Amino acid sequence: EAGVAQSPRYKIIEKRQSVAFWCNPISGHATLYWYQQILGQGPKLLIQFQNNGVVDDSQLPKDRFSAERLKGVDSTLKIQPAKLEDSAVYLCASSTLAGRNEQFFGPGTRLTVL
Amino acid sequence: QKEVEQDPGPLSVPEGAIVSLNCTYSNSAFQYFMWYRQYSRKGPELLMYTYSSGNKEDGRFTAQVDKSSKYISLFIRDSQPSDSATYLCAMIRAGNMLTFGGGTRLMVKP
């Protein structure tokens, strides 16, 4: 079974630029999550999708962050404009609706904002 | 105050030692408790999953939950250099929303 795929793996941008990250979840997983992990901290949930609808985006800074999950499969997370404090690893995870809803994580995208 | 507190370490132990990792939490709504392991430059992977007070064992790993004290632990027996990683406790409340601790970095020296 293929895991969660993310791209790019690394990105370096200047502050005030925009950036987008892509996630392809495990096939058949209805729920998709985006997390932000700042160095030395645990992941923090930004947004949760179920199929192509948003379940929770209460911790998403909506003035600069946006996310979409078209057709209930792939998802993109965008930051516009980026700030220095956005430097972090952005993790995508997916889970099924059944059972204990174990979340499977991708390798993450490491963003550096200069 | 954070909902989930975890000592960041680093924790350095010799190979073969018993390791104890701990988390405390403040929200009684948490229903399920997990431990994730995260190697450098990788995503977290699930190690242990429990939903009740008591112990759960899986090989060299034992997860312990004490809901009355709002305290969870992970014990690693016969620790190996390959166990060197960051260990994240995580908890779920309604809606399958995961709240992570800050992680403890473990180093097992040969």
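Residues numbered from 1 in each chain as written. Chains lettered and ligands numbered in written order. Predicted model: local features only at pLDDT ≥ 70, side-chain atom pairs only at ≥ 80, totals over all residues. Heavy atoms only, no water.

Q: Sorry if this is basic, but what is going on with the sheet that holds strand E8 (residues 75-79) of chain A here?
A: Within a sheet, each strand pairs with its neighbour through backbone hydrogen bonds, oriented either parallel or antiparallel. Residues and elements named next belong to chain A. If you trace the four strands from one edge of the open sheet to the other, you get E1-E3-E8-E7, paired in antiparallel fashion. In this open sheet, the two strands that pair with only one neighbour each are strand E1 (5-7) and strand E7 (65-68). Shown here is a sheet whose adjacent strand axes are inclined to one another by a mean of 15°, direction ignored. (Pairing = 2+ DSSP bridges. Helix = DSSP H or I, 4+ residues; strand = E, 2+ residues; numbered from the N terminus. Axes fitted to C-alpha atoms, helices over the stretch in contact; angles between N-to-C directions.)

Q: Honestly, the nonpolar core in this entry has me stumped. Any pointers?
A: One recurring pattern in soluble globular proteins: nonpolar side chains tend to sit buried together. Ranked by internal contacts, the top residues of the largest apolar core, which has 24 residues, are B:Trp35, B:Ile72, B:Leu74, B:Ile76, B:Tyr87 and B:Met91. Those elements that place two or more of their residues in this core are strand E3 (19-25), strand E4 (32-38), strand E5 (45-50), strand E7 (61-66), strand E8 (71-76), strand E9 (85-93) and strand E11 (104-109) of chain B. Dropping the residues within four chain positions of it, B:Ile72 is found in contact with B:Leu21, B:Asn22, B:Cys23, B:Tyr25, B:Phe33, B:Met34, B:Trp35, B:Gln64, B:Val65, B:Cys89 and B:Met91. With 21 residues, the next largest nonpolar core counts A:Trp34, A:Tyr90, A:Cys92 and A:Val113 among its residues. (Core = buried A, V, L, I, M, F, W, Y, C linked by side-chain atoms within 4.5 Å. Buried < 20%, exposed > 50% of the residue type's maximum accessible area, 1.4 Å probe, protein only. Contact = heavy atoms within 4.5 Å.)

Q: How should the interface of chain A and chain B be read in this particular structure?
A: Quoted interface sizes are often the accessible area lost when the parts come together. In this complex, chain A contributes 23 residues to the contact, which on the side of chain B involves 16 residues. Taking both partners together, chain A and chain B bury about 1,500 Å²; carbon and sulfur atoms supply 50% of that area. Along the contact surface separating chain A from chain B lie zero salt bridges. Counting the contacts that link chain A with chain B gives four residue pairs in polar contact (both at pLDDT 80 or more). Within the residue set of the side of chain A that touches chain B, elements represented by two or more residues are strand E4 (31-37), strand E5 (44-50), strand E6 (53-56) and strand E9 (88-95) of chain A. For the side of chain A that touches chain B, the element with the highest residue contribution is E4(A), accounting for three residues. Its residues assigned to classes, the side of chain A that touches chain B comprises nine nonpolar, nine polar and five charged. (Buried area = accessible area lost by both parts, 1.4 Å probe. Salt bridge = Lys/Arg side-chain N within 4 Å of Asp/Glu carboxyl O. Polar contact = N/O pair within 3.5 Å; in protein donor to acceptor, adjacent residues only side chain to side chain. Nonpolar A, V, L, I, M, F, W, Y, C, P; charged D, E, K, R; others polar.)

Q: Any chance you could explain the state of the cysteines here in plain terms?
A: Residues and elements named next belong to chain B. Tallying each qualifying case throughout the model produces two disulfides over all chains. Between Cys-23 and Cys-89 runs a disulfide, and the two sulfur atoms are separated by 2.0 Å. Residues Cys-23 and Cys-89 are joined by a disulfide whose S-S torsion is about -100°; by sign, that bridge is left-handed. In this pair, Cys-23 is assigned in strand E3 and Cys-89 in strand E9, connecting sequence segments 66 residues apart. (Disulfide = S-S within 2.5 Å.)

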